[in-house]
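Structural overview
The primary structure of each chain is shown beneath.
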Amino acid sequence: MNAAQKKKGRILTGHRPTGPRHIGHLVGTLEQWAKMQEDYECFFLIADLHVLTTDYEHPDRIQQNIADVVIDWLASGIDAEKATLVRQSALMEHAQLALLFGMLTTVARLERVPTYKDQIQNLGLNPSAGLLNYPVLQSADILIYKANLVPVGEDQLPHIELTREIARKFNTLSGETFPEPEGLLTKTARLPGTDNRTMHSSWGNAIRLYESEEETKKKVMSMYTDPKRLRATDPGTVEGNPVFEYHDVFNPNKDEVEDFKARYREGKVGDVEVKKRLTEVLNAYLASIRERRAKLSKNPKDAIRILDEGTEAARPLVEATMDEVLEKMGLK
Ligand code: TRP
């Protein structure tokens, strides 16, 4: 099916290349993207400029991280024949449009964005102008493709709201130019880390797509469970227990999961048994992805070539939008 036949509309979404992907990315976004590329015209963005809004002190890591993310995407079923992969920093129109959108956006509006407020609070960060402008750059990413749909996690919805405001403002000033894109949430709830905090690669609580079965086993066997349960014969709590949240997502045998839950509540099954089974289930779920990943990572240059080809394929589209914007803003 070529792009024009994908009548359901155009999608733009992306990841910041912060390193190898984990199972949270897989069930939170990548599986959904892989399905959507069948029916929608999809652009998947490697948002490398966005990385620099907080982490500009490690330029040596960026290219490796980009290769890792692209390889994980491909291993998870993103298909360069069906979707277009784009490197943000290689199409300067992203940054150029963000600069122009910055003219239409007040500082006060950006200071109210929840991700920004959280970041400066939690990280005790002294924010750069680049960080304040993060969601403006994201709006440019989306609108330069005139995308209709943006599949994202819940934390990103305020950024989509800003994108819609910018689109409206631009359209009011300069005539109908941009569609107002809709955010689209995944059906699966966000997976907690193995310690029940937010899953974060740098916190050691994430199961990465590339890791070995043995590493996965170690992480699962030491997973957080019901802290009030001291013995296998104590009645346990299933709700909010990450071991059971993982079973719900990864175990295809729903009867087995229900049986585990019932016995856990009654104090008739030990954590070890439930975790052993979870290890098997997770490793089975990840086996084919890991196999593809191992193959792809033998030639990381191939993954980079796929990214660069996608970027060139996207170039005429972003140039056309930019031309239109420059004209409408009186710069031609
Ligand atoms: N901010 C997104 C995240 O951290 C990444 C991103 C950058 C993005 N540009 C985008 C997502 C455009 C959707 C659309 O997850």
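Heads up: the structure comes first, above all this text.
A short tour of the structure in this document, coming up. (Residues numbered from 1 in each chain as written. Predicted model: local features only at pLDDT ≥ 70, side-chain atom pairs only at ≥ 80, totals over all residues. Heavy atoms only, no water.)

Quick look at the site of the ligand now. The environment of the ligand is made up of 14 residues, and the closest members are Arg16, Tyr134, Gln138, Asp141 and Gln156. Tyr134 places a polar side-chain atom, nitrogen or oxygen, 2.7 Å from a nitrogen atom of the ligand. In the model, a nitrogen atom of the ligand is placed 2.7 Å from a nitrogen or oxygen of the Asp141 side chain. Counting only elements with at least two residues in the shell around the ligand, the list comes to β1 (10-15) and α8 (134-143). The residue inventory of the shell around the ligand, partitioned by class, reads 7 nonpolar, 5 polar and 2 charged. (Near = heavy atom within 4 Å. Polar contact = N/O pair within 3.5 Å; in protein donor to acceptor, adjacent residues only side chain to side chain. Helix = DSSP H or I, 4+ residues; strand = E, 2+ residues; numbered from the N terminus. Nonpolar A, V, L, I, M, F, W, Y, C, P; charged D, E, K, R; others polar.)

The subject of this paragraph is the nonpolar core. In this structure, Ile23, Trp73, Tyr246 and Leu282 are the most contacted members of the largest nonpolar core, which totals 46 residues. Counting only elements with at least two residues in this core, the list comes to α1 (23-39), β2 (41-46), α3 (59-75), β3 (83-87), α11 (242-250), α12 (254-266), α13 (271-296) and α14 (300-328). Those residues within four positions of Tyr246 in sequence are excluded, and the remaining contacts are Ile23, Leu191, Pro192, Gly193, Thr194, Met199, Ile207, Met223, Asn251, Leu278 and Leu282. Core analysis: the next-biggest nonpolar cluster, separate from the first, contains 37 residues, Leu137, Leu143, Ala167 and Ala314 among them. (Core = buried A, V, L, I, M, F, W, Y, C linked by side-chain atoms within 4.5 Å. Buried < 20%, exposed > 50% of the residue type's maximum accessible area, 1.4 Å probe, protein only. Contact = heavy atoms within 4.5 Å.)

What follows concerns the packing of α11 against α12. The geometry of α11 relative to α12 is characterised by a closest axis approach of 9 Å and an angle of 165° between their N-to-C directions. When the axes of α11 and α12 are compared, the pair comes out roughly antiparallel. Crossing geometry of α11 relative to α12 is assigned as left-handed. Each of Phe244, His247 and Asp248 in α11 lies in contact with α12, whose residues at this interface are Lys254, Val257, Phe260, Lys261 and Tyr264. Looking at side-chain class alone, the contact of α11 with α12 contains 4 nonpolar, 1 polar and 3 charged residues. (Axes fitted to C-alpha atoms, helices over the stretch in contact; angles between N-to-C directions. Parallel < 35°, antiparallel > 145°, perpendicular 65-115°, else oblique. Left-handed = near helix turned anticlockwise from the far one by under 90°.)

So, on to the side chain of Thr216. Note that Thr216 resides in helix α10 (residues 213-221). Thr216 gets classed as buried once you look at its relative accessible area, which sits at 0%. Filtering out sequence-adjacent residues up to four positions away, Thr216 remains in contact with Ile207, Glu211, Leu282, Asn283 and Arg290.

Gaps left between atoms show up when a probe the size of a water molecule is rolled over them. The volume enclosed by the second largest pocket comes to roughly 300 Å³. For the second largest pocket, the full set of lining residues is Val27, Glu31, Gln32, Lys35, Met36, Leu184, Leu185, Thr186, Lys187, Thr188, Val249 and Tyr285. Per-element tally for the lining of the second largest pocket: the top contributor is α1, with 5 residues. (1 Å grid on protein atoms, 1.4 Å probe; cavity = no way out; pocket = protein on both sides within 12 Å on 5 of 7 lines; lining within 4 Å. Points joined across faces, edges and corners; volume = space filled by probe spheres on them.)

Further remarks concern the pattern of salt bridges. Side chains that carry opposite charge are capable of pairing whenever their charged atoms lie near each other. In this structure the tally under the stated criterion is 30 salt bridges. One salt bridge in this structure joins Lys332 and Asp323, with 2.8 Å as the shortest N-O distance. Linking Glu324 and Lys328 is a salt bridge whose minimum nitrogen-to-oxygen distance equals 3.2 Å. With a gap of 4 residues between them, Glu324 and Lys328 both fall in helix α14, about one helical turn apart. What makes Glu324 partly exposed here is its relative accessible area of 25%. Overlapping salt bridges bring together Glu161, Arg164, Arg168 and Glu180 as one network. (Salt bridge = Lys/Arg side-chain N within 4 Å of Asp/Glu carboxyl O.)

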